[in-house]
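# Working through the structure, step by step
Here are the chains, one letter per residue:
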Amino acid sequence: MEIIKSKEALRQKVEACKQVKKTIGLVPTMGALHEGHASLVRRSVADNDVTFVSVFVNPTQFNNKEDLEKYPRDLDRDAKLLESLGVDYVFAPSAETMYTPEEMQSTFNFDFGGLDQVMEGIYRPGHFNGVVQIVSKLFRLVEPDRGYFGEKDYQQLAIIHRMVEVMSIPVQIVDCEIVREPSGLALSSRNERLSAAEKQTAVNISHILFESRQLRESQTVGQVESWVIEQVNRIDGLRVEYFEIVDQTTLQPAVDFSHAIGCITVYCGPVRLIDNIKY
Ligand code: PAF
């Protein structure tokens, strides 16, 4: 496995693959890798001749400076895991390599077709602009046949699908299921910031989501939304930011449970966690 820092070196590797018609899988990450990322990487290694993983804590998608500073970074540890999974190339550029000073101000404009006007888009203004900015750059540089994304960040995934369509980027987006701890807690790099007690508390989030599935026969969408919010807020140490049941494609409020997904964001102490459940 090789670690690449410059765009020029990356392009050389990509062109060498293209010349001999090797298929390329790309797994974009921000590092602090866990079993959830490993599941994306395993799929890419199985599906493609060559797998590139990018490890880049993208400054333009953080609207909270403290969150950016506190984001866990450990390239050596990540590289060891990626090597053991059979990755061919890790692209770990600096912010200056990826962005001009103007681009760092995140003036990127993209027509989200309303997908950014709900949920995370409301609470993290500009976040998805930064995501589209970096992922479109990575797609242009790596020209992958397939790109792998987790369903935990469901709104991001819906936006990436729209992005490749609107920008006509010839890549197949592979949606990968949420990976959970045996307790049910969705894996996240942010879990590293939870104390043992907070982690125990956070487990309730997924349990309540699973339980809410049982209610879909007898209750309306609005009733289930209120039930989930109430159950989570009842637990000491948890505070719901939003829980919305929306259509899986348009992310607009669902009228019933067919093709619906419930997306939740909860503060567990100071740590902001997200999860979702398909109905
Ligand atoms: O999901 C993430 O880790 C990031 O948003 C991504 C897709 C790597 C872009 O920085």
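Here, every reference points to the structure presented above.
Overview of the structure. (Residues numbered from 1 in each chain as written. Predicted model: local features only at pLDDT ≥ 70, side-chain atom pairs only at ≥ 80, totals over all residues. Heavy atoms only, no water.)

## Thoughts on the side chain of Arg124
- If you trace the backbone, Arg124 turns up in the loop between helix H6 (120–123) and helix H7 (127–142).
- Since its relative accessible area comes to 12%, Arg124 is described here as buried. (Helix = DSSP H or I, 4+ residues; strand = E, 2+ residues; numbered from the N terminus. Buried < 20%, exposed > 50% of the residue type's maximum accessible area, 1.4 Å probe, protein only.)

## Considerations on the sheet that holds strand S7 (residues 238–247)
- Spatially, the 3 strands line up as an open sheet ordered S7-S8-S9, and their pairing is antiparallel. Each edge of the open sheet carries a strand with a single partner, namely S7 and strand S9 (271–278). Strand-to-strand twist of the sheet, defined as the mean angle between neighbouring strand axes without regard to direction, takes the value 15°.
- As paired elements, S7 and strand S8 (residues 260–268) share 9 bridges and run antiparallel to each other. Within the sheet, the bridge partner assigned to Val246 lies in S8 and is Ile261.
- Sitting on the sheet, helix H9 (residues 196–212) is in contact with S7, S8 and S9, with an inclination near 25° to S9. (Pairing = 2+ DSSP bridges. Axes fitted to C-alpha atoms, helices over the stretch in contact; angles between N-to-C directions. Contact = heavy atoms within 4.5 Å.)

## Some thoughts on the site of the ligand
- All residues adjacent to the ligand are Pro28, Thr29, Met30, Asn58, Gln61, Ile134, Val135, Phe149, Asp153 and Gln156.
- Contacts to the ligand include Gln61, whose side-chain N or O atom sits 2.6 Å from an oxygen atom.
- A distance of 2.7 Å is found between an oxygen atom of the ligand and a side-chain nitrogen or oxygen belonging to Gln156.
- If you list the elements that add at least two residues to the shell around the ligand, you get strand S2 (24–29) and H7.
- When its residues are assigned to classes, the shell around the ligand shows 5 nonpolar, 4 polar and 1 charged. (Near = heavy atom within 4 Å. Polar contact = N/O pair within 3.5 Å; in protein donor to acceptor, adjacent residues only side chain to side chain. Nonpolar A, V, L, I, M, F, W, Y, C, P; charged D, E, K, R; others polar.)

## Concerning the environment of Leu33
- Its place among the elements puts Leu33 in the loop between S2 and helix H2 (35–47).
- Between the C-alpha atom of Leu33 and that of Asp78, which follows or precedes it by 45 residues, the distance is 5.9 Å.
- Excluding anything up to four places from it in sequence, Leu33 contacts Arg77, Asp78, Leu81 and Leu82.

## Brief notes about the environment of Arg216
- Structurally, the position occupied by Arg216 is in the loop between H9 and helix H10 (221–233).
- Measuring from C-alpha to C-alpha, the distance between Arg216 and Met104 comes to 44 Å, with 112 residues separating the pair along the chain.
- Here the side chain of Arg216 touches Arg213 through a polar contact of 3.3 Å, landing on its backbone oxygen.

## Focus: the sheet that holds S2
- Within the open sheet, the 6 strands sit side by side as S1-S4-S3-S2-S5-S6. Their pairing is parallel. Each having just a single partner strand, strand S1 (2–4) and strand S6 (172–176) make up the two edges of the open sheet. Here the strands of the sheet are splayed against their neighbours by 25° on average, with no regard to which way each runs.
- Note that S1 and strand S4 (residues 89–91) share 3 bridges and pair parallel. By the bridge assignment for S4, Ile4 is matched with Phe91.
- Helix H1 (residues 7–19) contacts S1, S2, strand S3 (50–55) and S4 of the sheet and is inclined by roughly 160° relative to S3.
- Lying over the sheet, helix H4 (residues 75–84) contacts S1, S3 and S4, oriented at roughly 165° with respect to S3.

## Thoughts on the packing of aromatic side chains
- Under the defined criterion, the tally for this structure stands at 7 aromatic pairs.
- Taking the centre distance of 5.5 Å and the plane angle of 20° together, the rings of Tyr123 and Tyr242 count as stacked. Of this pair, Tyr123 sits in helix H6 while Tyr242 sits in strand S7, and the two are 119 residues apart along the sequence. (Phe/Tyr/Trp six-rings, centres within 6.5 Å; stacked < 30°, edge-to-face > 60°.)

## Quick word on the nonpolar core
- Of all hydrophobic cores here, the largest spans 44 residues; its most connected members are Phe52 and Phe139.
- For this core, the element with the most residues is H7, which contributes 9 residues.
- Look past the residues within four positions of Phe52 in its chain and what remains in contact with it is Leu10, Lys13, Val14, Cys17, Ile24, Gly25, Leu26, Val27, Tyr89 and Val142.
- Ranked by size, the runner-up nonpolar core spans 27 residues in total, among them Leu194, Val221, Phe257 and Val271. (Core = buried A, V, L, I, M, F, W, Y, C linked by side-chain atoms within 4.5 Å.)

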